[in-house]
Amino acid sequence: MTVDIGVVGAGGMAETHADNFDSVDARLVGVCSRTEESARELAESHGAETYPDAETMFRTGDLDAVLVTVPPSAHGEYERLAAEHGVDFFVEKPLALSRETARDVRDAVEAADLVTQVGHQFRYADIVERAHELLGDRTLAQIEGRWVDAVSPLPWWSRKAESGGQLVEQSAHVFDLVRDFGGEVADLAAFGGHRVVTQEIDFADASVVAMRHDSGVVSQVASTSASPEKDVSLELVAEDCRLELDFVAGTLTGTVDDESIRFEGEQRPYERELAAFVEAVETDDPSHPRSTYPDALRTFELTLDADEALDIA
């Protein structure tokens, strides 16, 4: 069975996912976007139809699922439309800019019993899978995550009212991994600064968030948008084990039971997360994806908690 998918939003992430459609037995059948030209270009390159708006695509298009790849400030309307029409959806993070919008969508998703996938692609990175295997049932002591980068070139990213800020829009991937390995967070404290890229962005350009988990694990996530080099990584310390996951290089290194570990990943998380969603749609199994909307809501609210707790100097 080929899964027919419509796309709302025809930017870079839509193109990234559409390029993987053939390999996961999916077909792009419809595109709508705020920019008519970008919608036409994406549709023509994949033999799909264009629609003037999402409501028309949902009403007249023959869709098995929809991919929502719009800026953070535009989320909510399209996911609710999908729920109203009973169409499974894959949505890029962050889920919204407010708890109320995301919770409302969560309720609609659960009422409609939809298959959902949220674009926390690192859940599907093979270095993450290997790290889980190596950890096994070892007692985990500490997690340290980093998103070190420059200011994103996306025009809306530098304005908190449109992106939510770095913790919500970007470092959310690291917070999601912290939850994946450490479980839910019981308490946190956060400190930030706005000292280097003060003209480019209107939120903290550096922050550290320290967390204590229900499991007893302690963790921290360091973020900055003031670096000329990129570092997206995670360090795990457990009983007789230390692992370093480098998501830029796609490598897993460390020591387990006095043995050195080095694992080179294939770096295909976008393809693998899309494949999992397509399979879930085919089998009508809402529990199959690793990052469902209700689960991703907990990551989203964690990033909001962290951002709201920021004591900015």
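Residues numbered from 1 in each chain as written. Predicted model: local features only at pLDDT ≥ 70, side-chain atom pairs only at ≥ 80, totals over all residues. Heavy atoms only, no water.

### Topic: a negative patch on the surface
Keep this limit in mind: Any residue with relative accessible area above 30% and no salt bridge may belong to a patch, with like charges joined within 9 Å and the nonpolar Val, Leu, Ile, Met, Phe, Trp and Tyr side chains within 5 Å. In these tables, accessible area is a Shrake-Rupley quantity obtained with a 1.4 Å probe, and a residue counts as shielded only by the protein chains included in the view. Each salt bridge in this description consists of a side-chain nitrogen of Lys or Arg and a carboxyl oxygen of Asp or Glu lying within 4 Å of one another. Counted as positive: Lys and Arg. Counted as negative: Asp and Glu. His and the chain ends are not counted at all. We put the charge of a Lys on NZ, of an Arg on CZ, of an Asp on CG and of a Glu on CD. Going along the chain from the N terminus, every DSSP run of H or I of four or more residues is numbered as a helix, and every run of E of two or more is numbered as a strand.
On the surface, a cluster of negative charge is contributed by Glu-15, Asp-19, Glu-36, Glu-37, Glu-41 and Glu-44. Per element, the largest residue contribution to the negative patch is 4 residues, and it comes from helix H2 (residues 36-46). Structurally, Glu-41 can be placed in helix H2.

### Regarding the sheet that holds strand E8 (residues 185-193)
Put simply, the rule reads: Here, any two strands with at least 2 DSSP bridges between them count as paired. Axis lines are fitted to C-alpha atoms, over the contacting stretch for helices. Their N-to-C directions set the angle, which ranges from 0 to 180 degrees. The contact criterion used is simple: two residues touch if any of their non-hydrogen atoms lie within 4.5 Å.
Strand order in the open sheet formed by 9 strands is E14-E13-E12-E11-E7-E10-E9-E8-E15, with mixed pairing between adjacent strands. The strands lining the two open edges of the sheet, one partner per strand, are strand E14 (259-264) and strand E15 (310-312). For this sheet the average axis-to-axis angle between neighbouring strands, irrespective of direction, equals 10°. Sheet analysis places E8 next to E15, joined by 3 bridges and oriented parallel. In the strand pairing of E15, Ala-190 is matched with Leu-310. Packing against the sheet, helix H6 (residues 126-135) makes contact with strand E7 (140-148), strand E11 (231-238), strand E12 (241-246), strand E13 (251-256) and E14, and its axis sits at approximately 175° to E12. Along the sheet, helix H11 (residues 293-309) contacts E8, strand E9 (206-213) and E15; its crossing angle with E8, the most-contacted strand, is approximately 45°.

### Notes on helix H5 (residues 99-112)
Which entries qualify depends on this criterion: What a helix should span is 1.5 Å times the count of its residues minus one. Here's how the labels work: a residue is buried when its accessible area is under 20% of the maximum for its type, exposed when over 50%, partly exposed in between, all with a 1.4 Å probe on protein chains only. Comment: arc refers to directions from the helix axis out to C-beta atoms.
Its 14 residues give H5 an end-to-end C-alpha distance of 20 Å, which sits within 8% of 20 Å, the value for a rise of 1.5 Å per residue. Listed as buried for H5 are Arg-99, Ala-102, Val-105 and Val-109. End-on, the buried residues of H5 take up no more than an arc of 135°, which puts them together on one face. For H5, the exposed residues lying more than 90 degrees away from the buried face are Glu-100 and Ala-111.

### Quick word on the sheet that holds strand E6 (residues 116-118)
Read across the sheet, 6 strands follow the order E3-E2-E1-E4-E5-E6 without closing on themselves; strand pairing throughout is parallel. With one partner strand each, in any of the chains shown, strand E3 (49-50) and E6 form the two edges of the open sheet. By the bridge criterion, 3 bridges tie strand E5 (residues 88-91) to E6 in an arrangement that is parallel. Within E6, the residue paired with Val-91 across the bridge is Val-118. Strand contacts of H11: E5 and E6, with the helix running at about 30° to E6, the strand carrying the most contacts.

### With respect to the packing of H6 against helix H9 (residues 172-182)
The criterion, for reference: Throughout this description, any angle smaller than 35 degrees is read as roughly parallel, any larger than 145 degrees as roughly antiparallel, any in the 65 to 115 degree range as roughly perpendicular, and the remainder as oblique. Each crossing is labelled by how the near helix is turned from the far one, with a counterclockwise turn of less than a right angle marking it left-handed and a clockwise turn marking it right-handed. Side-chain classes follow a simple rule in which Ala, Val, Leu, Ile, Met, Phe, Trp, Tyr, Cys and Pro form the nonpolar group, Asp, Glu, Lys and Arg form the charged group, and the remainder, Gly included, forms the polar group.
Taken N-terminus to C-terminus, the directions of H6 and H9 make an angle of 25°; their axes are 12 Å apart at the nearest point. In terms of orientation, H6 and H9 fall into the roughly parallel class. Regarding H6 and H9, the two cross each other, and that crossing is right-handed. Residues Val-128, Ala-131, His-132 and Leu-135 of H6 form the contact with H9, whose own contacting residues are Leu-177, Asp-180 and Phe-181. Looking at the contact of H6 with H9 residue by residue, the class counts come to 5 nonpolar, 1 polar and 1 charged.

### Side note on the packing of aromatic side chains
The cut-off we apply is this: In this scheme Phe, Tyr and Trp rings, the latter by its six-membered ring, pair at centre separations within 6.5 Å, and the angle between planes marks the pair as stacked below 30 degrees, edge-to-face above 60, and tilted otherwise.
Taken as a whole and judged by the stated rule, the model has 4 aromatic pairs. A ring pair is formed by Phe-90 and Phe-277, whose centres lie 5.7 Å apart and whose planes are at 85°; its orientation type is edge-to-face. In this pair, Phe-90 sits in strand E5 while Phe-277 sits in helix H10 (residues 269-283), placing the two residues 187 residues apart along the sequence. Residue Phe-90 is classed as buried on the basis of its relative accessible area of 0%.

### A closer look at the UniProt feature "domain: GFO/IDH/MocA-like oxidoreductase" (unreviewed entry) in the protein
We apply this condition: UniProt positions are given in the numbering used here, feature names are shortened, and annotations may be inferred rather than shown by experiment.
The positions UniProt marks with the feature "domain: GFO/IDH/MocA-like oxidoreductase" (unreviewed entry) are residues 138-241. Helix makes up 18% of residues 138-241 and strand makes up 40%, while its end C-alpha atoms are separated by 8 Å.

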